Amino acid sequence: MTLPASAPDYKRILLKLSGEVLMGEQDYGIDPAYVARLAEEVKAAKETGLEVCLVIGGGNIFRGVAGAARGLDRTTGDYMGMLATVMNALAMQNALEQIGVQTRVQSAIPMASVCEPYIRRRAERHLQKGRVVIFAAGTGNPFFTTDTGAALRAAEMGCDALLKGTSVDGVYDKDPKGNPDAVRFDTITYGQVLSDNLKVMDATAVALCRENSIPIVVFSIRERGNVAKVLKGESVQTIVQGGS
Ligand code: UDP
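Residues numbered from 1 in each chain as written. Predicted model: local features only at pLDDT ≥ 70, side-chain atom pairs only at ≥ 80, totals over all residues. Heavy atoms only, no water.

Engineer: Sorry if this is basic, but what is going on with the packing of aromatic side chains here?
Structural biologist: Two numbers describe a pair of aromatic rings. These are the distance of the centres and the angle of the planes. For the structure shown, the criterion picks out 1 aromatic pair. Taking 5.6 Å as the distance between ring centres and 75° as the angle between the ring planes, the aromatic pair formed by Y118 and F135 counts as edge-to-face. Of the two residues, Y118 sits in the loop between β4 (116-117) and α4 (120-128) while F135 sits in strand β5 (residues 132-136), which places them 17 residues apart along the sequence. By relative accessible area, which is 18% here, Y118 ends up buried. In this structure, R153 packs its charged tip against the face of Y118, placed 3.5 Å from the ring centre. (Phe/Tyr/Trp six-rings, centres within 6.5 Å; stacked < 30°, edge-to-face > 60°. Helix = DSSP H or I, 4+ residues; strand = E, 2+ residues; numbered from the N terminus. Buried < 20%, exposed > 50% of the residue type's maximum accessible area, 1.4 Å probe, protein only. Lys NZ or Arg CZ within 6 Å of the ring centre and 35° of its normal.)

This is the structure we're talking about:
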């Protein structure tokens, strides 16, 4: 497979992990052993000399939409979902610090005794000092997702790419689960993702990346060592980027 020309030029990236990957093989919650393995991936990325921002979802614990479907007020559910992302961020911070990676958690919903509030200039300083910054609580607003939170922080922090680690190794023309003839794209435009409603990230997140020319690299986080491979351009992946 051809190397993406921009891969070696990344200086600062944002890695977005869905909450579900923290479950490991469980059906719910956080598997500390699996979080430790993910932390190794983050450490490997850091050791290539990159500045690393992290956003972790909350779907392993709570999603507002799911709560609303069962009668909970949607806004309340969304705030619960955002709180779930803070738990995941703390679990990841713990795992990273156990292997010697300095981190700071910054939450879009201030909670002074738990972590820092989100302050862009302070986050900038942390990154310059070689710390991994974990952005928690999404955008801080209901009716958004952590994908959009990730795109927003990637834009604010001037990240060169948004790496989206999922359970699938890229973007396919149809769901590869149950469709053996599904074809994976090596590259695809933001426009095609939006017009074909391909399941990469939600439309707001994709549009935000398009407006700010931030490539989205979709890859499987389930495969050990894959973050480092993505950074070398050696992974099976799909890059969502501009173009006609
Ligand atoms: N959420 C929100 N605003 C945000 C980010 C997240 O309301 O800016 C809530 C929303 O309820 C969402 C939940 O937090 O379902 C967990 O985030 P998400 O579903 O994005 O997690 P992931 O699918 O990545 O695990």
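Engineer: Sorry if this is basic, but what is going on with the sheet that holds strand β8 (residues 216-220) here?
Structural biologist: Within a sheet, neighbouring strands are paired by backbone hydrogen bonds and run either parallel or antiparallel to one another. One open sheet holds the 9 strands; their spatial order is β4-β3-β5-β2-β1-β6-β8-β9-β7, and the pairing between them is mixed. Among the strands making up the open sheet, the edge pair consists of β4 and β7 (187-189). Two strands pair when backbone bridges link them, and β8 and strand β9 (residues 237-241) are joined in this way by 4 bridges, in the antiparallel orientation. When the bridges of β9 are listed, I216 appears paired with V240. (Pairing = 2+ DSSP bridges.)

Engineer: How should the pairing of strand β1 (residues 12-17) be read in this particular structure?
Structural biologist: On any regular strand, side chains alternate: one points to one face of the sheet, the next to the other face. The buried count for β1 comes to 6 of 6 residues, which makes it a mostly enclosed element. Alignment of β1 against strand β2 (residues 51-56), held across 6 bridges, turns out to be parallel. Across the sheet, the residue bridging to K16 is V55, located in β2. Crossover handedness for the path β1 to helix α1 (residues 32-47) to β2: right-handed. As defined by bridge partners, β1 adjoins strand β6 (residues 161-166) across 5 bridges and the pair is classed as parallel. Residue L15 lies in a different strand from β6, and its bridge partner there is L163. (Right-handed = clockwise from strand over helix to strand, strands pointing away.)

Engineer: Can you help me understand helix α7 (residues 203-211) in this one?
Structural biologist: Owing to its 3.6 residues per turn, the α-helix aligns residues three or four sequence positions apart on the same side. Of the positions making up α7, those classed as buried are A205, V206 and C209. Projection of α7 onto a plane perpendicular to its axis shows the buried side chains occupying an angular sector of 100°, all on one side. In this structure, the buried side of α7 is in contact with α5 (146-156), β6, α6 (190-195) and β8. The first or second residue beyond α7 is S213, which carries a positive phi of 50°. (Arc of directions from axis to C-beta. Contact = heavy atoms within 4.5 Å.)

Engineer: Is there a simple way to explain the pattern of salt bridges in this structure?
Structural biologist: Pairs may arise between side chains of opposite charge once their charged atoms sit close together. If you walk through the whole model with that rule in mind, you get 13 salt bridges. Close ionic contact of R37 with E41 constitutes a salt bridge, the shortest N to O distance being 3.2 Å. With R37 and E41 both in helix α1 and 4 residues apart, this pair spans about one turn of that helix. Side by side, R37 and E41 carry an identical accessibility label, which is buried. When the shortest N-O distance is used, the salt bridge between R184 and D186 registers 3.1 Å. In the salt-bridge network here, residues are joined through shared partners; they are R12, E51 and E124. (Salt bridge = Lys/Arg side-chain N within 4 Å of Asp/Glu carboxyl O.)

All we've got here are geometric facts, nothing functional implied.
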